[in-house]
There are 2 protein chains.
Amino acid sequence: MKPIKISEAVVRRLPIYLRFLNELSLSNIQTVSSQDLGEKLDLNPAQIRKDLAYFGEFGRKGVGYNVDYLIEKIRQILKLDKMMNVALVGTGNLGRALCNYSMYIKDNMKIVAVFDADESKKGTLINHLTVQPMQELSRSVKQLDISVGIITVPAVEAQNVAEQFVDAGIRGILNFAPVVLKASPGVRIHNADFTAELLSLAYYMDTINGSKEGDGAL
Amino acid sequence: MKPIKISEAVVRRLPIYLRFLNELSLSNIQTVSSQDLGEKLDLNPAQIRKDLAYFGEFGRKGVGYNVDYLIEKIRQILKLDKMMNVALVGTGNLGRALCNYSMYIKDNMKIVAVFDADESKKGTLINHLTVQPMQELSRSVKQLDISVGIITVPAVEAQNVAEQFVDAGIRGILNFAPVVLKASPGVRIHNADFTAELLSLAYYMDTINGSKEGDGAL
């Protein structure tokens, strides 16, 4: 399949569409309008129609989108139509939470190997996965055909883990450590930077309470 | 202080500047150039100068920015110059990870109360905080002057928790559940949607391995 060039903003919205469409499918709902999608996902229906039109004419006026067809298409576009194996490094609370998080499986991404630099954790079990020492990373990545790595180690260790991922052949990294990692060429790094999300909330708090008015505040 | 209207993109970058500036300050580094900031944070130096110029003339040509002054200014802008109290609902692995995460304190955001709908968790301790039942939420929010809430419950329960937050008087929510929440007017919701970040990585994997060339892939 020839890759289509899609804007980053659209690529980030597609998993959100996909998640909601999966819910609809599970509830045996077969069609959905851009209006419904927009309302549920807090997005502009026109934006949704534009995003989806990117990939051809999926929807029909007055009928809406066929849910299962749209799921299949979005999976194809995101390259989630085949299983993608994931490695995770760092088995603190956050790492363990992610390992136990079942939704990956449904969307064809699955954590298949878990690592920790702390030798004392070697051999412990997290959701049926055995914690391995870092020396095993490279071998596991090749053996299990792992293409994505998740970093849940403290900030000071994150760059080092990222480099070990890249050396092992991983080309996609999701970083949870509160630090900006240096990306090697050809490697894609996404940040799950919840501390930035949290701190930026503060800015809006005062704005909401102090200077906006009459918008339903208690 | 009269609030300045700042674009969302800038508000989201400020905590990332702040974090790095805090590191510099801890290392007793007193000045930093937009060039250094850009390199470390993987941002365009011109963008950084533009972001910071928003708030007056901080930097001096050839000298750079005074680190501690810039920290103080960004904290003021983000309204992090006073302590902001945070409540968390959902004490699974992710909730516990967040409670143990110490950086909040440094940036004047602190989790001060923890709740779980599961009665059997009542009274257990997480990082010196006692898990409380949901019935205590409203009282605690008032008593401890809590303005921000974090949601780390399963997707099906998240909207209900958000509504309880809003009823209790909370106006800023950081949602970790993989679902889009309906926002009440005057309430700001940020999503820490790491599943979307993870799934969107897949799109770039094939692009990197398949269609881009000669950019340093092993």
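Residues numbered from 1 in each chain as written. Chains lettered and ligands numbered in written order. Predicted model: local features only at pLDDT ≥ 70, side-chain atom pairs only at ≥ 80, totals over all residues. Heavy atoms only, no water.

1. Section: the sheet that holds strand β5 (residues 125–126) of chain B
Residues and elements named next belong to chain B.
Thinking step 1. The 7 strands lie next to each other as β5-β6-β4-β3-β7-β8-β9, forming an open sheet whose pairing is mixed. If you trace the sheet from one side to the other, it starts and ends with β5 and β9 (188–191), each paired once.
Thinking step 2. Of the pairings in the sheet, the one linking β5 to strand β6 (residues 129–132) comprises 2 bridges and is antiparallel in character. What sits directly across from Leu-125, in β6, is Thr-130.
Thinking step 3. In the packing of helix α8 (residues 155–168) onto the sheet, the strands contacted are β3 (84–89), β7 (146–151) and β8 (172–175), and the crossing angle to β7 comes to about 175°. (Pairing = 2+ DSSP bridges. Helix = DSSP H or I, 4+ residues; strand = E, 2+ residues; numbered from the N terminus. Contact = heavy atoms within 4.5 Å. Axes fitted to C-alpha atoms, helices over the stretch in contact; angles between N-to-C directions.)

2. Section: the pairing of β7(B)
Residues and elements named next belong to chain B.
Thinking step 1. Among the 6 residues in β7, 6 count as buried, and that is most of the element.
Thinking step 2. Where β3 meets β7, 5 bridges bridge the pair, whose relative direction is parallel. Following the sheet pairing, Asn-85 is matched in β7 by Ile-146.
Thinking step 3. In this structure, β7 lies alongside β8, joined through 4 bridges in parallel fashion. In the strand pairing of β8, Ile-150 is matched with Leu-174.
Thinking step 4. Running through α8, the crossover from β7 to the neighbouring parallel element β8 is right-handed. (Buried < 20%, exposed > 50% of the residue type's maximum accessible area, 1.4 Å probe, protein only. Right-handed = clockwise from strand over helix to strand, strands pointing away.)

3. Overview of the interface of chain A and chain B
Interface size is commonly expressed as the accessible surface area that is lost when the partners come together.
Thinking step 1. The interface of chain A with chain B comprises 74 residues on the first partner and 74 residues on the second.
Thinking step 2. Both sides of the chain A and chain B interface together cover about 6700 Å² of buried area, and 66% of this is carbon and sulfur.
Thinking step 3. Between the two partners, chain A and chain B, sit 4 salt bridges.
Thinking step 4. For B:Arg12, the salt bridge is made with A:Glu197, and the minimal N-O distance between the two is 2.6 Å.
Thinking step 5. Its residues placed into classes, the side of chain A that touches chain B shows 42 nonpolar, 13 polar and 19 charged. (Buried area = accessible area lost by both parts, 1.4 Å probe. Salt bridge = Lys/Arg side-chain N within 4 Å of Asp/Glu carboxyl O. Nonpolar A, V, L, I, M, F, W, Y, C, P; charged D, E, K, R; others polar.)

4. Here we look at the packing of aromatic side chains
Thinking step 1. In total, this model carries 4 aromatic pairs over all chains according to the counting rule given.
Thinking step 2. Ring geometry for A:Tyr203 against A:Tyr204: centres 5.0 Å apart, planes inclined by 80°, an arrangement best described as edge-to-face.
Thinking step 3. A residue is classified by how much of its surface remains accessible, and A:Tyr203, at 5% relative accessible area, is buried.
Thinking step 4. A:Arg188 extends its terminal NZ or CZ atom over the ring of B:Tyr204, reaching a point 3.5 Å from the ring centre. (Phe/Tyr/Trp six-rings, centres within 6.5 Å; stacked < 30°, edge-to-face > 60°. Lys NZ or Arg CZ within 6 Å of the ring centre and 35° of its normal.)

5. Looking at the domain arrangement of chain A
Residue and element names in this part refer to chain A.
Thinking step 1. Domain assignment breaks chain A into domain 1 (8–78) and domain 2 (84–199).
Thinking step 2. Computed over C-alpha atoms only, the centres of domain 1 and domain 2 are separated by 30 Å.
Thinking step 3. Linking domain 1 with domain 2 are 1 salt bridge.
Thinking step 4. At the boundary of domain 1 with domain 2, the tally comes to 2 residue pairs in polar contact (both at pLDDT 80 or more). (Domains from an automatic or database assignment. Polar contact = N/O pair within 3.5 Å; in protein donor to acceptor, adjacent residues only side chain to side chain.)

6. Focus: the side chain of B:Arg13
Thinking step 1. With respect to the element layout, B:Arg13 can be found in helix α1 (residues 8–26).
Thinking step 2. Not counting the four nearest positions on each side in its chain, B:Arg13 is found in contact with B:Leu43, B:Gln47 and B:Asp51.

7. As for the sheet that holds strand β8 (residues 172–175) of chain A
Residue and element names in this part refer to chain A.
Thinking step 1. Reading across the sheet, the 7 strands line up as β5-β6-β4-β3-β7-β8-β9 and stay open at both edges, with mixed pairing between neighbours. At either margin of the open sheet sits one strand with a lone partner, and together these are β5 (125–126) and β9 (188–191).
Thinking step 2. The sheet contact formed by strand β4 (residues 109–115) and strand β6 (residues 129–132) spans 2 bridges and is parallel. Across the sheet, the residue bridging to Phe-115 is Gln-132, located in β6.

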